[in-house]
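# Fold and geometry: a report
Next come the chains, spelled out residue by residue.
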Amino acid sequence: MALLPILCYPDPKLHTIAKPVGMVDARIKSLIADMLETMYEAKGIGLAATQVNVHERLIVIDTSEQRDAPLVLINPTIVWTSAERHLNEEGCLSVPGIYDGVERFDAVKVEALDADGTSRLIEADGLLAVCVQHEMDHLMGKVFVEYLSPLKRNRIKTKMLKAQREART
């Protein structure tokens, strides 16, 4: 297993639309293991392959308290959403240190392949539903800050670019 570098906003590669995973093979299983290790090391609860510059439809999530219940979603598709929506405070490993409110569906049902390539239907609500929607946005090339006002987004972009410059010096 290996830690993977996480792309930081406003890296244009974060806006790449991911392609479907063709086959769950050794390469994908290795990528899953690396993504889980990277997510846990970064203290995140979700990570999309897009964030590690792999533009395939793969997500890893673990919202458990013990950090021992990883969920792998390959080629996920939302097949149902609740009528209810709520504003939730979100953060992102690609936008470190930034948190803001994003409106999401309270519950979703997602069809996806698991780490073994088996088709599953996942019913998610609460934090898991928010996380699934957030990570699926990444697969569509969308970062959560794009839900914010242009003023907030520009402030975040300036802050992130400054932090990246300072990290290089």
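What this report covers is the structure whose coordinates are included nearby. Position numbers for residues start from 1 in each chain and track the written sequence from start to end. Totals for whole chains, interfaces and linings use all residues, but because this is a predicted model, local features are given only for residues with pLDDT of at least 70 and pairs of side-chain atoms are given and counted only at 80 or more. Hydrogens and water molecules were not included; the side-chain quantities draw on all heavy atoms of the structure.

Moving on, we get to the overall build of the protein. In terms of regular secondary structure, the protein is built from three helices and seven strands. Under the DSSP-based scheme used, a helix requires at least four consecutive residues in state H or I and a strand at least two consecutive residues in state E, with every element numbered from the N terminus. Listing the helices and strands of the protein from first to last along the sequence gives α-β-β-β-β-β-β-β-α-α. Radius of gyration: C-alpha atoms only; globule rule: 2.2 Å multiplied by the number of residues to the exponent 0.38. For 169 residues, the compact-globule estimate of 2.2 N^0.38 gives 15 Å, and the protein sits close to it at 16 Å. Oriented by its inertia axes, the alpha-carbon framework of the protein measures out at about 45 × 40 × 30 Å. Type-normalised accessible area, obtained with a 1.4 Å probe on protein chains alone, sets the label of each residue: buried when under 20%, exposed when over 50%, and partly exposed for intermediate values. A burial count over the protein gives 41% of its 169 residues as buried. We call two residues contacting when some pair of their heavy atoms lies within 4.5 Å. A sequence separation of at least 24 residues applies to 66% of the contacts in the protein between residues at least 6 apart. Here the Shrake-Rupley method, with its probe set to 1.4 Å, supplies the accessible areas, and only the displayed protein chains count as covering residues. Approximately 8,900 Å² of the protein is accessible, and the part contributed by carbon and sulfur atoms is 54%. Across the protein, 20 positive and 24 negative side-chain charges occur, with their mean positions spaced 9 Å apart. Positive charges come from Lys and Arg alone, negative charges from Asp and Glu alone, with His and the N- and C-terminal ends not counted. A single reference atom marks each charge: NZ on Lys, CZ on Arg, CG on Asp, CD on Glu.

Let's shift gears to the packing of aromatic side chains. Each Phe, Tyr or Trp ring, with Trp reduced to its six-membered ring, pairs with another whose centre is within 6.5 Å; inter-plane angles below 30 degrees give stacked pairs, above 60 give edge-to-face pairs, and intermediate values give tilted ones. For the coordinates displayed, the defined rule picks out zero aromatic pairs. Here, over-ring charges are defined by two tests on the NZ atom of lysine or the CZ atom of arginine: distance to the ring centre within 6 Å, and angle to the ring normal within 35 degrees. One cation-aromatic arrangement involves Arg-85 over Phe-105; the distance from NZ or CZ to the ring centre is 4.4 Å. The lysine or arginine in question, Lys-109, covers the ring of Trp-80, its NZ or CZ lying 5.4 Å from the ring centre.

Turning our attention to the sheet that holds strand S6 (residues 107-113). Spatially, five strands are ordered S1-S2-S3-S6-S7 in an open sheet, and the strand pairing comes out antiparallel. Two strands lie at the open edges of the sheet, namely strand S1 (46-48) and strand S7 (119-125), each paired on one side alone. Pairwise comparison of adjacent strand axes, ignoring direction, gives a mean angle of 40° for this sheet. If DSSP finds at least two bridges between two strands, the strands pair. Bridge analysis of strand S3 (residues 71-81) against S6 gives five bridges, and the strand direction is antiparallel. Counted as the bridge partner of Thr-77 is Glu-111 from S6. Simply put, an axis is a line fit to the C-alpha atoms, just over the touching stretch for a helix, and the angle between two N-to-C directions goes from 0 to 180 degrees. The strands touched by helix H1 (residues 26-41) within the sheet are S1, strand S2 (58-61) and S3, with S2 carrying the most contacts at an inclination of about 40°. On the sheet, helix H2 (residues 126-139) packs against S1, S2, S3, S6 and S7 and is oriented at approximately 150° with respect to S2.

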